[in-house]
Amino acid sequence: MSSLLVLDKVVKRFGGIVATNGLSFHVDRGESLALIGPNGAGKTTIFSLIMGEHRQNSGTIKLNGEEISHLPTHKRIQKGVARTYQVPRPFSEMDVAGNIRVGMMPDNLWKMITQSADPDAELTIARSVGFRDEDLLRKPSELSMGDLRKLELARTLAAKPEIMLLDEVFAGLTVGEIEQISDLLAQKRKEGLTYIIVSHDLRALEPLVDRAVAMTFGRAIAEGSFIEVMDDEAVRSAYLGQ
Amino acid sequence: MARPLLGWAIFAVAMLLLPQFVSNGTLRIIIFANFLAIFAMSWDFISGKTGYISFGHPFLIGIGAYTSAILSYRFGMPVSLSIPLAVLATMVGGTLFFLPALRIKGTYFALVTLAFMELMYQLVQVIRPDLTGGTRGISGIKTILSGAAPNFYLSFGLMFAIGLALWLLSRTRLGTALDAISMNEEAVSGSGLNTTRLKLFAFMVSALVAGLGGAFYVHYLGSIAPRALFDINFVFTIIVSVLIGGSATIIGPIMGAFFMTFLLEYLRPLLPGSERYLVYGMIALVLYVYQPKGIMQILKNLSLRTRGPQTGRSGNV
Ligand SMILES: Nc1ncnc2c1ncn2[C@@H]1O[C@H](COP(=O)(O)OP(=O)(O)OP(=O)(O)O)[C@@H](O)[C@H]1O
Ligand SMILES: [Mg+2]
């Protein structure tokens with residue numbers, strides 16, 4: 001199996017803080033990977049580096065064998081990677097359908113002008129994350145945290161990524177909502193979507209991943225099956241030491 | 001879609017009949033309103049839509065006005081050539097105007113655009129005053145038409161064509177993407193869209209409109225002077241027109257421009273001095289506080305109240 005995403009010795013410093021400290025890992029095509037670690041371990045930073053929202057100080061990031069570190073964010077998305085945000089960031093004045101519409105847009109001014117939006121496709125994506133039809137007209141300010149997370153997922157799925165980076169998709173959700181999103185991810189996984197998922201909800205994570213990488217202070221401390229990683233001595237002490 | 005288009009058609013017919021019913025004096029006022037509406041729409045397409053607030057729009061308007069004035073007055077070029085060249089020059093200027101938007105946002109961007117306007121004001125007076133006329137400006141510039149009614153039709157036709165085009169453009173997905181930039185630019189890149197290209201496009205469209213407006217305006221007035229053009233009061237009149245009309249709506253700025261022009265005109269006999277600007281500022285402020293989304297929203301609410309709420313999915317106006 002070929003690796004879809006490969007990070008090699010990636011370093012990112014914020015002033016004196018080393019948020020990513022020579023981290024290397026890979027994700028194979030069709031694989032799902034859990035990225036776990038205590039608060040401040042550097043999980044979100046890695047997503048920002050992969051998306052090009054921050055640039056690493058050194059190290060390489062390859063997608064489909066191609067170095068993407070020099071590309072701006074929108075180009076990386078066109079190459080097949082997209083992320084959700086730990087803190088949902090919807091377009092506040094647009095309804096759910098409008099938010100999904102932006103996610104679906106082609107990066108081509110001419111097509112944006114001449115081809116109209118596709119309400120059916122918007123509806124399909126909205127339903128796939130568990131929205132009801134009447135939710136399409138609701139504004140972000142009227143949505144619960146669960147709905148905002150669904151909207152994040154919908155907007156990200158709209159870009160049709162090969163690999164999705166999911167940051168704390170379960171935080172602030174009810175048990176029912178966690179189940180709903182888990183089902184959706186299980187479904188997408190079956191359809192062949194590759195993803196990296198970050199979550200503090202280890203129980204929800206376990207059935208959703210093939211493999212896990214644990215990290216603290218910007219370094220990987222364990223890698224393997226989810227069970228192996230959870231049993232690892234270093235991982236246990238990192239979590240307890242939190 | 002059909003109902004708003006009917007609205008545009010009714011607006012056009014009503015305006016075209018207007019010269020039958022009102023005095024030439026009123027027509028002259030409306031001509032100013034038409035030009036202010038053009039400038040306000042130009043501003044709205046950058047600042048209302050993408051949220052990059054321009055305090056220096058007269059920079060763009062000035063390039064259009066001066067280029068056409070100089071080409072026709074100094075070099076005897078026909079207006080049919082000088083205006084297109086002026087628009088081109090404005091779009092080149094729009095590219096310069098765009099450069100700071102690559103790096104800075106918010107207040108900083110607004111201040112830099114203000115600096116553009118001040119710089120232009122100084123340059124016009126210092127560099128080649130033999131061309132620009134320096135501080136005194138140029139008068140005796142060729143006018144395109146004479147008489148109130150013909151100029152009313154010309155300015156209205158221009159304003160209407162620009163308004164309809166911008167309104168249609170802002171209803172496409174491109175308009176949605178520009179709106180999205182004002183809400184969360186990072187998330188627009190995060191949706192795979194090149195925000196630099198989107199912003200550049202918005203700036204080019206805005207410059208095109210400002211250039212057209214500036215060039216036609218100077219050939220209506222027949223004269224140009226830097227102090228009146230590169231003036232912060234002019235900037236505020238444009239911005240306030242958009243805000244009280246309803247920003248990012250294109251139609252709002254047209255209504256705002258008419259409202260502002262007539263307000264200033266009716267205040268004139270009561271308050272001949274510059275206190276007028278104080279009163280108009282206060283009226284605008286009260287209106288803005290009452291409904292931050294402007295006259296557009298007030299009218300929408302009224303129509304909802306009288307007709308009952310609309311059902312079904314509809315785009316933003
Ligand atoms: N933009 C930034 N500027 C400065 N420091 C930052 C920035 N982003 C992250 N950091 C720091 O980098 C370290 C890693 O942060 P990061 O958000 O990646 O952790 P995380 O694993 O996602 O934590 P959490 O589980 O709380 O979300 C932290 O010490 C954080 O304070
Ligand atoms: Mg995080």
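Summary of the structure given here. (Residues numbered from 1 in each chain as written. Chains lettered and ligands numbered in written order. Predicted model: local features only at pLDDT ≥ 70, side-chain atom pairs only at ≥ 80, totals over all residues. Heavy atoms only, no water.)

### Some remarks on the sheet that holds strand 6 (residues 81-83) of chain A
Two orientations exist for strands paired in a sheet by backbone hydrogen bonds: parallel and antiparallel.
Residues and elements named next belong to chain A.
Right, so step 1: If you trace the 6 strands from one edge of the open sheet to the other, you get 6-7-8-3-9-10, paired in mixed fashion. Pairing within the sheet leaves two strands with one partner each, and these edge strands are strand 6 and strand 10 (219-224). Averaged over all adjacent pairs, the angle separating strand axes in this sheet is 20°, with direction ignored.
Right, so step 2: Helix 1 (residues 43-51) contacts strand 3 (32-36), strand 6, strand 7 (163-167), strand 8 (194-198) and strand 9 (211-216) of the sheet and is inclined by roughly 140° relative to strand 6.
Right, so step 3: The strands that helix 6 (residues 145-158) touches are strand 6 and strand 7; relative to strand 7, the one it contacts most, it runs at about 160°. (Pairing = 2+ DSSP bridges. Helix = DSSP H or I, 4+ residues; strand = E, 2+ residues; numbered from the N terminus. Axes fitted to C-alpha atoms, helices over the stretch in contact; angles between N-to-C directions. Contact = heavy atoms within 4.5 Å.)

### Notes on unusual backbone geometry
Right, so step 1: Notably, Asn 64 of chain A is not glycine yet its phi reads approximately 55°, a positive angle.
Right, so step 2: Classification of Asn 64 of chain A as partly exposed rests on a relative accessible area of 39%.
Right, so step 3: At Arg 128 of chain B, a residue that is not glycine, the phi angle is positive and equals roughly 50°.
Right, so step 4: Among the structural elements, Arg 128 of chain B can be located in the loop between helix 5 (106-126) and helix 6 (129-132).
Right, so step 5: Assessed through its relative accessible area of 46%, Arg 128 of chain B is described here as partly exposed. (Buried < 20%, exposed > 50% of the residue type's maximum accessible area, 1.4 Å probe, protein only.)

### Let's talk about the site of ligand 1
All names here are of chain A.
Right, so step 1: In the neighbourhood of ligand 1, 14 residues make up the surrounding shell, with Asn 39, Lys 43, Thr 44, Thr 45 and Gln 86 lying closest.
Right, so step 2: A distance of 2.5 Å separates an oxygen atom of ligand 1 from a polar atom in the side chain of Thr 45.
Right, so step 3: At 3.1 Å, a side-chain N or O of His 200 approaches an oxygen atom of ligand 1.
Right, so step 4: Taken together, the elements giving at least two residues each to the shell around ligand 1 come down to strand 2 (17-28) and helix 1.
Right, so step 5: Top element by residues in the shell around ligand 1 is helix 1. It accounts for 3 residues.
Right, so step 6: When the residues that make up the shell around ligand 1 are grouped by side-chain class, the tally is 5 nonpolar, 8 polar and 1 charged. (Near = heavy atom within 4 Å. Polar contact = N/O pair within 3.5 Å; in protein donor to acceptor, adjacent residues only side chain to side chain. Nonpolar A, V, L, I, M, F, W, Y, C, P; charged D, E, K, R; others polar.)

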